[in-house]
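Chain by chain, the residues:
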Amino acid sequence: MSIVLALRRVPWFVPYKSLFRHFATAAQLEPVILRPYQKSCLQTCLDALRGGVRRIGVSLPTGAGKTTVFVSLISQIPPRGDKRAKRALIIVNSIELARQSAAQVERLFPELSVEIEQGTKHKASGAADVTVATYQTLLQTSRLAKFDPQYLKAVVVDEAHHAAAPSYRRILGHFDPSVGTEIAIPPSREERVASIPIIGFSATFGRHDGLSLGSVFEEIVYHRDFLEMIKEQWLCDVRFTSVRARIDLSQVTVNTRTGDFNASSLAHVINTETVNKLVVQTWLDRAATRKSTLVFCANLAHVRDLTNAFRTWGLDARYLHSGTPMSERRSLLQAFKCNHFPILVNCAILTEGADIPNIDCVIVARPTRSRNVFAQMIGRGMRLSPNTGKTDCRIIDFVDSTARVSGIISTPTLFGLEAEDDIEDESIDSLEARAERLITDAPVPGFSTKEVPDPTSVTYIDYDNPFSLVCDASGSPHIATLSSYAWVACGGDIYVLECLGRGYIRVESLPGNDANSRQPAFHAHYTAASPGGAAVGPGTSSSPYRRSRRILTAQNLSDAIRGCDTYAKEKVMYGTLSMGLFRTAKWRKTPASSNQKQFIAKRWGLAKTDMDAASNPQFDRLTKGEAANIITRLKHGAQARYKSKLKEASKVAQAMVKESKRRAREEIRVGPLPMTSGFIT
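Described below are features of the structure shown in this document.

The rules behind the values
Residues numbered from 1 in each chain as written. Predicted model: local features only at pLDDT ≥ 70, side-chain atom pairs only at ≥ 80, totals over all residues. Heavy atoms only, no water. Core = buried A, V, L, I, M, F, W, Y, C linked by side-chain atoms within 4.5 Å. Buried < 20%, exposed > 50% of the residue type's maximum accessible area, 1.4 Å probe, protein only. Contact = heavy atoms within 4.5 Å. Axes fitted to C-alpha atoms, helices over the stretch in contact; angles between N-to-C directions. Helix = DSSP H or I, 4+ residues; strand = E, 2+ residues; numbered from the N terminus. Parallel < 35°, antiparallel > 145°, perpendicular 65-115°, else oblique. Left-handed = near helix turned anticlockwise from the far one by under 90°. Nonpolar A, V, L, I, M, F, W, Y, C, P; charged D, E, K, R; others polar. Pairing = 2+ DSSP bridges.

## Concerning the nonpolar core
Among the nonpolar cores identified, the biggest contains 77 residues, and Ile90 and Leu344 are the most heavily contacted of them. When near neighbours in sequence (up to four residues on either side) are disregarded, leucine 344 contacts Thr293, Leu294, Val295, Arg318, Tyr319, Leu320, Leu332, Leu333, Phe336 and Leu350. Val279, Ala287, Val345 and Cys347 belong to the second-largest nonpolar core, a separate cluster that totals 32 residues.

The following block contains the structure:
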């Protein structure tokens, strides 16, 4: 091909500095052959656009060639309207991605003119066939105005999981006013066909902060999971190792919007000399032969401290962060790509858009509750790179050895295993096989082939509702196995024996109750009734009881109850009086008195008209024993503890629902996207 013929193919508005890159690309680089799944993705997108869907999403994992796909797609989208709309705009979130996309356009389609719109160094004309722009630059009204919608045939958004943010929606609204708005009347087919297609590409097409991608994209038309890609050998093989560390994440705060850990709070737990030493030691034991290790940290302080920990062991570790100057960042990444040093430590910089195929080890030194974030981090090492001798990638993550916090994403949970399961040099196939065995070997509910062992201890089952009539309203069926007397459970490991007008005996667990300790776990007090039913004398209160006194301590509840039974019989209820303490005492079977019913009804919140047994079956056949048990439990705080327990249970249930919704937001499925925001208050 002569220079003259080549010049004829180059549009007049190609920047001068791109001209030589144009010829070098055309002459030196081999043609790109689309992979089968890339062809399938292209066809799916084109079919959706022809079918009238104008805002579509594509989910492809890191290393799947998203840039190649959307550049190829741009070339196949026909002009809109009167054929003047032939241009395309690609929106990215960093200058690195802008350069990558522009270079790929020049490589694949050298006949197209391409420009970059970014900052002060790159100012596009707005008339190129393809313009790659950073969203930060497009937020400037004058820069956005260059791109007249009537001349655009498509807008592509890379890292499209950001598109629901107000900044992106403001930009996209310039090309399609309906983005992010509630449309009362759906647009006609003609209006839909005439609108500019907005196409989003992302490796993690979901948001964990509650913002709805459905406000921007109508549906996800194509999705491929990274596990599928590895099995089909489009991504490199992976070896997984999970390290149990003594890290207590239970006190780490969680961001209410994203559902993930707050970085500064997480760093207080993760960025310690002990944990950093463990990270370095693990690398020495499991990854010392790796050429290019990428490490993810919680925050800047963690980055510096962990880098220094590697250097203390004589290892050449370097780091970058958001404050690293652009020129220094470029040279650092280039040196890392050329294997000039083995370890690069970063914080939230290389989770997106980092094209470093030679990475053969990823260390996740910062736990996360986001599947998307975890997938982004480990995805950095999954690109194929046969030219560098890379055969697989080692993924090392660190998990709480006691699994004190739910919702943490790690290698085991990624495959449906328990977070505390040992993962050492496992492949995807072996992990999936373990998960399959876990499902296959799971016991069938309600059926067991094993013999039921004899009970070795009392099983405590509490009925905390003080108005429950189960087990004669005693509050706990297990108490009946310990004593023949009419003990009642009042919640919170508190048990009371009412002594029929002579006071009561109360058993409570001691603070720090440890069943394995030889120290006393329970203590008991007897509180006698005041003479005449009320305290007398100067300075005394109006309490009907005297001051309580401790009568015993015991290592377990069974010993405490037995000791109190003996005390009641010998010290409180002498002779035949003790017969009234039995659960089977005759008086307990007689109908409840009206005073008992009135007291219970008042605490239950019933009106007087509801107390009629005929209209309220709850009081029908209520016995004196049941009523006495209910009253005792109410007097000893069972109702307040029950309400507190209900409140706590409600909080747990709400947290579970919130967590379920958070995880659901990160699940990716082909189909329409919901318009709701997904915020959880």
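## Some words on the packing of helix 12 (residues 273-286) against helix 13 (residues 300-312)
It is at 9 Å that the axes of helix 12 and helix 13 come closest, and there the two elements cross at 50°. Viewed along their axes, helix 12 and helix 13 adopt a mutual orientation that is oblique. Relative to helix 13, the crossing made by helix 12 is right-handed. On helix 13, the residues touching Asn276, Val279, Val280 and Trp283 of helix 12 are His302, Asp305, Leu306, Ala309 and Phe310. Here the residues of the contact of helix 12 with helix 13 are counted per class, giving six nonpolar, two polar and one charged.

## Considering the side chain of aspartate 176
Looking at the secondary structure, you find aspartate 176 in the loop between helix 8 (166-172) and helix 9 (189-194). Of the residues examined, aspartate 176 reaches a relative accessible area of 8% and is grouped as buried.

## Here we look at the environment of aspartate 429
Structurally, aspartate 429 can be placed in helix 17 (residues 428-440). Judged by its relative accessible area of 55%, aspartate 429 falls in the exposed class.

## Structural notes on the pairing of strand 11 (residues 343-346)
Across the two faces of strand 11 the burial is the same, with Ile343 and Val345 and Leu344 and Asn346 all buried. Two elements, strand 9 (residues 293-296) and strand 11, share four bridges in a ladder whose sense is parallel. Note that in strand 11 the partner of threonine 293 across the bridge is isoleucine 343. Where strand 10 (residues 317-320) meets strand 11, four bridges bridge the pair, whose relative direction is parallel. By the bridge assignment for strand 11, alanine 317 is matched with isoleucine 343.

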